[in-house]
Amino acid sequence: MNNHPLRLLLTAVQFYTRVPVPQWVGHSEAQLAAATPYFPLVGIGIGLVTGLVFELACIVFEPLIAAVLALGFGVLLTGAFHEDGFADVCDGFGGGYTKERVLEIMKDSRVGAFGAIGIGLLLLLQGAALAGAPPQTGAGLMVLVSAHAFSRALALLVAWWLPYVREDASSKARPVVTAMAGSAVLIALVIGVMPLALHAIRSSPTQALAAFVLAMLATAWCARWFRQRLGGYTGDCLGAAQQVAFTAMLLGFAARV
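Conventions used here
Residues numbered from 1 in each chain as written. Predicted model: local features only at pLDDT ≥ 70, side-chain atom pairs only at ≥ 80, totals over all residues. Heavy atoms only, no water. Helix = DSSP H or I, 4+ residues; strand = E, 2+ residues; numbered from the N terminus. Rg over C-alpha atoms; globule rule 2.2 N^0.38 Å. Buried < 20%, exposed > 50% of the residue type's maximum accessible area, 1.4 Å probe, protein only. Contact = heavy atoms within 4.5 Å. Lys, Arg positive; Asp, Glu negative; His and termini not counted. Charge placed at Lys NZ, Arg CZ, Asp CG, Glu CD. Core = buried A, V, L, I, M, F, W, Y, C linked by side-chain atoms within 4.5 Å. Phe/Tyr/Trp six-rings, centres within 6.5 Å; stacked < 30°, edge-to-face > 60°. Lys NZ or Arg CZ within 6 Å of the ring centre and 35° of its normal. Expected span 1.5 Å × (residues − 1). Arc of directions from axis to C-beta. Axes fitted to C-alpha atoms, helices over the stretch in contact; angles between N-to-C directions. Parallel < 35°, antiparallel > 145°, perpendicular 65-115°, else oblique. Nonpolar A, V, L, I, M, F, W, Y, C, P; charged D, E, K, R; others polar.

## Notes on the overall build of the chain
Moving on, step 1. Regarding its fold elements, the chain presents 12 helices and 0 strands.
Moving on, step 2. In sequence order, the secondary structure elements of the chain are arranged as α-α-α-α-α-α-α-α-α-α-α-α.
Moving on, step 3. Taking 2.2 N^0.38 as the reference for a compact globule, 257 residues should give roughly 18 Å; the C-alpha atoms of the chain span a radius of gyration of 18 Å, in line with that estimate.
Moving on, step 4. Based on the C-alpha atoms only, the size of the chain along its principal axes is roughly 50 × 45 × 30 Å.
Moving on, step 5. With 257 residues in all, the chain has 51% of them scored as buried.
Moving on, step 6. Taking all contacts inside the chain whose residues are at least 6 apart in sequence as the whole, residues at least 24 apart take part in 75%.
Moving on, step 7. Taken together, the 15 basic and 13 acidic charged side chains of the chain have centroids lying 5 Å from each other.

Right, here's the structure in full:
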């Protein structure tokens, strides 16, 4: 039962969201590591819920208000898990000049000026991009499902590309990244790209391609930046990579192509 697909999926839900799961799911480092391929499925679920919020809100409000409501609901659903990582990376990379100092700042639970400004601008950009999504009914839903799923798969790709740099055992990301198998990352990428492929077939292949290319470029840039500054990545870096890829995809969908 430990490696039953349902248990692993619920393990991923437990780790990445605030959604309650049954007690029988349990928790262990081995269990969390085995749940790696299911992380994009969590993104699909989050995308479905926030996409539904967006579509319903669009009936009553302008797209920008609906976008803010959908993004806000997503933050509540996940407990700002990845947004917190992005803010920590902004603080660490903005205020630290050595690897040791960057890691020290990122571990501090307080949010500094770089983090506050960075996450504020990021959320503004996400809201504006989502509001600029295709106006067809259901398009916002598919955009959010695609962006949430694929961006989480790309964060795992960063973890597979780069070495983990924290030496202490207190990191939440350590069980996810230790001995990550390439096959698990490949499965996650396949799951993560499926909503995007469906969007390309059913709606706009050009915008889907733009979202895919921008997300890949953004992820490659993040990985290169992490390697230059830290020689690898931390759990906060994965959260930042997910948020950057997510934003890049929203921009791709909103592009006038």
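Anyway, onward from the coordinates.
## Describing the side chain of E83
Moving on, step 1. Residue position: E83 is located in helix α5 (residues 81-95).
Moving on, step 2. Dropping the residues within four chain positions of it, E83 is found in contact with V75, T78, I119 and Q243.

## Focus: the nonpolar core
Moving on, step 1. Formed by 27 residues in total, the largest nonpolar core has its most connected members in F86, V89, F93, F226, Y233 and C237.
Moving on, step 2. Of all elements in the fold, only α5, α6 (99-107), α7 (113-131), α8 (139-161), α11 (205-230) and α12 (235-254) reach the threshold of two or more residues within this core.
Moving on, step 3. Apart from the residues within four sequence positions on either side, V89 is in contact with G94, M106, W225, F226, D236, C237 and A240.
Moving on, step 4. One finds A66, F246, L250 and F253 within the second-largest nonpolar core, a separate group that totals 25 residues.

## Quick look at the packing of aromatic side chains
Moving on, step 1. Tallied over the full model, the rule gives 10 aromatic pairs.
Moving on, step 2. Considering the side-chain rings of Y16 and F39, the 4.5 Å spacing of their centres and the 75° angle between planes classify their relative orientation as edge-to-face. Separated by 23 residues along the polypeptide, Y16 in helix α1 (residues 5-16) and F39 in helix α3 (residues 39-60) bring together distant segments of the chain.
Moving on, step 3. Look at F39 and you get buried, because its relative accessible area is 1%.
Moving on, step 4. On the basis of an interplanar angle of 20° and a centroid distance of 6.5 Å, the ring pair of W225 and F226 is categorised as stacked.
Moving on, step 5. Under the relative-accessibility criterion, F226 is labelled buried at 1%.
Moving on, step 6. Aromatic ring contacts, followed pair by pair, group F15, Y16, F39 and F81 into a single cluster.
Moving on, step 7. Across the ring face of F93, the terminal group of R229 is positioned such that the distance to the ring centre comes to 5.2 Å.

## A look at α7
Moving on, step 1. Here α7 contains 19 residues, and its C-alpha end-to-end distance of 27 Å stays within 8% of the 27 Å for a straight helix at 1.5 Å per residue.
Moving on, step 2. Taken together, the buried positions of α7 are G115, G118, I119, L122, Q126, G127, A129 and L130. End-on view of α7: buried residues confined to an arc of 165°, all on one side of the axis. Turned more than 90 degrees away from the buried face of α7, the exposed residues are A113, I117, L121 and L124.
Moving on, step 3. Its buried side turned inward, α7 meets α3, α4 (63-78), α5, α8 and α12.

## Some points on the packing of helix α10 (residues 182-202) against α11
Moving on, step 1. α11 packs onto α10 with a crossing angle of 150° between their chain directions and a minimal axis gap of 7 Å. Considering their axes alone, α10 and α11 lie roughly antiparallel with respect to each other. From α10, V193, L196, H199 and A200 reach across to α11, where they touch P205, A208, A211 and F212.
Moving on, step 2. Looking at the contact of α10 with α11 residue by residue, the class counts come to 7 nonpolar, 1 polar and no charged.

## Focus on α3
Moving on, step 1. The first and last C-alpha atoms of α3 sit 33 Å apart over 22 residues, in line with the 32 Å expected at 1.5 Å per residue.
Moving on, step 2. Of the positions making up α3, those classed as buried are F39, P40, V42, G43, I44, I46, G47, T50, G51, F54, E55 and A57.

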